[in-house]
Amino acid sequence: MDSAHAASGLLLAQNRFAAELRRWRELRRLPKKQLASAMGYDPSYVSHIEGCNLHPTEGFARRADAVLRAGGSIWQRWREFAAARVTVGGAEPERPPERPIEPGQLIVERDQASLEHHGGSYQLRMAKRLRNASDSVVTRFLIRIAVDRYPGQADRSNRHYRTNPLTLPELDLRAWCGDGEERGAEPMAWEAKHDRDSFKELWLLFENGQGKFPLYPGEATWIRYSYTVGVDKWGHWFQRAVRLPTLRLSVQLRFPLALQPVVWGTETSLARGELPLPTPVRRRDEGEWACFDWATDQPLPQARYRLEWRFRNPGEVRPER
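Below or above, wherever it landed, is the structure these notes cover. No experiment lies behind these values; they were computed from the predicted model shown.

1. Digging into the overall build of the protein
Point 1. Assigned secondary structure in the protein consists of 8 helices and 17 strands.
Point 2. In the protein, buried positions account for 47% of the 321 residues.
Point 3. Relative to all contacts within the protein whose residues are 6 or more apart in sequence, the contacts with residues 24 or more apart total 73%.

Dropping the structure here:
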């Protein structure tokens, strides 16, 4: 094959990759800026790739395929492009993205959290759909549990937790990994990274006493975990921090109707400061429960979404399940 023909084939493969990326982005109704944010890239990089001004990298192709849930079609176009580059030979080195995802980082396709008030305690359940869009095998996942009984009164909270520390045994932390519900999933072992009076950082391990189940590049799975905190240690707030590229974030709060709960929320980011939540909190009543649902697509990276509440009729009521 002569050099002119090979170069033509490379350009054709690059155009096909850009077209496939654009097709899936438009199918998912994601602007370039939002796609770049979800992938962990600078927005200009996506524009350059779609405009065929830069050659796509393997890492970019893997992450785009994962974020857009393209089922391998974007990745296949990159393989065709890579083969064409080999034919040309002596091609320019790939330019790395301006803000790449760190090795081992994940994409959170779904982040679902719930908090339920039960008399003297809050029960919390988290579910995350994780996709490994990196080039590394993932063997653990970091979670954080922080409590603050008196928000805005740091000295009072510190005194409270010095005499009433949050302990690991009382959390009764349980975790599972797998696409099935808890009974059909693998229990996950865990270990403490930081254990403070009001703050815990814990590693959920992709293993247990019966075996290991690491998350390989390109794979996806659900992890679920639950824990319990007494009302004397929690406080009237629940915050979700976006530390990884996340496609959809949702929260549900459940309180006894007898407490007459009122809920509101804020979004805090480095760029915007503190603002009301970008989408409203919806309320619905189910039997003796007041349920508050909130969700958003493409939450801002490094943002914090905080729901707060008060009870017009404060009392310890535990409705029957």
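2. Quick look at the packing of aromatic side chains
Point 1. Within the structure shown, the criterion is met by 11 aromatic pairs.
Point 2. Relative to F60, the ring of F17 has its centre 6.4 Å away and its plane inclined at 55°; by these criteria the two rings are tilted. Taken together, the residues F17 in helix α1 (residues 3-27) and F60 in helix α4 (residues 58-67) connect sequence positions 43 residues apart. Like F60, F17 is buried.
Point 3. For the ring pair Y122 and W234, a centre distance of 6.4 Å and an interplane angle of 50° mean the geometry is tilted. Of the two residues, Y122 sits in strand β2 (residues 121-131) while W234 sits in helix α8 (residues 231-234), which places them 112 residues apart along the sequence. Accessibility classification places Y122 together with W234 in one group, the buried group.
Point 4. Three or more aromatic residues joined by ring pairs form one cluster here, namely Y122, W234, W237, F238, F255, F292, W309 and F311.

3. Quick look at the pattern of salt bridges
Proximity of charged atoms lets side chains of opposite charge pair with each other.
Point 1. Using the criterion set out here, one finds 23 salt bridges in the structure.
Point 2. The salt bridge involving E109 is made with R131; its shortest N-O contact spans 2.5 Å. Of this pair, E109 sits in strand β1 (residues 107-118) while R131 is found in strand β2, placing the two residues 22 residues apart along the sequence.
Point 3. On the basis of relative accessibility, which here comes to 17%, the residue R131 falls in the buried class.
Point 4. One salt bridge connects E286 with R284, and the closest N-O pair in it is separated by 2.1 Å.
Point 5. Here E286 falls in the partly exposed class, since its relative accessible area comes to 37%.

4. Looking at the nonpolar core
Point 1. With 49 residues, the main nonpolar core has F206, Y227, W234, F238, L253 and W309 as its most contacted residues.
Point 2. Counting 31 residues, the second largest nonpolar core, distinct from the first, contains W24, M39, V67 and L247.

5. Some remarks on the packing of helix α2 (residues 32-39) against helix α3 (residues 43-50)
Point 1. Relative orientation of the contacting elements α2 and α3 amounts to 115°, with a least axis distance of 8 Å. Classed by the angle they form, the pair α2 and α3 counts as roughly perpendicular. For the crossing formed where α2 meets α3, the hand is right-handed. Here α2 contributes K32, K33, L35 and A36 to the contact with α3, which in turn contributes P43, V46, S47 and E50.
Point 2. Residues of the contact of α2 with α3, tallied by class, amount to 4 nonpolar, 1 polar and 3 charged.

6. Section: the sheet that holds strand β6 (residues 190-195)
Point 1. Spatially, β3-β7-β6 is the arrangement adopted by the 3 strands of the open sheet, whose pairing is antiparallel. Both edges of this open sheet fall to β3 (140-146) and β6, since each of them pairs with a single strand only. Sheet twist, expressed as the average angle between the axes of neighbouring strands with direction ignored, equals 25°.
Point 2. Taken together, the 7 bridges between β3 and strand β7 (residues 199-205) define a ladder with antiparallel strand orientation. Counterpart to R144 in the pairing with β7 is E201.

Analysis parameters
Residues numbered from 1 in each chain as written. Predicted model: local features only at pLDDT ≥ 70, side-chain atom pairs only at ≥ 80, totals over all residues. Heavy atoms only, no water. Helix = DSSP H or I, 4+ residues; strand = E, 2+ residues; numbered from the N terminus. Buried < 20%, exposed > 50% of the residue type's maximum accessible area, 1.4 Å probe, protein only. Contact = heavy atoms within 4.5 Å. Phe/Tyr/Trp six-rings, centres within 6.5 Å; stacked < 30°, edge-to-face > 60°. Salt bridge = Lys/Arg side-chain N within 4 Å of Asp/Glu carboxyl O. Core = buried A, V, L, I, M, F, W, Y, C linked by side-chain atoms within 4.5 Å. Axes fitted to C-alpha atoms, helices over the stretch in contact; angles between N-to-C directions. Parallel < 35°, antiparallel > 145°, perpendicular 65-115°, else oblique. Left-handed = near helix turned anticlockwise from the far one by under 90°. Nonpolar A, V, L, I, M, F, W, Y, C, P; charged D, E, K, R; others polar. Pairing = 2+ DSSP bridges.

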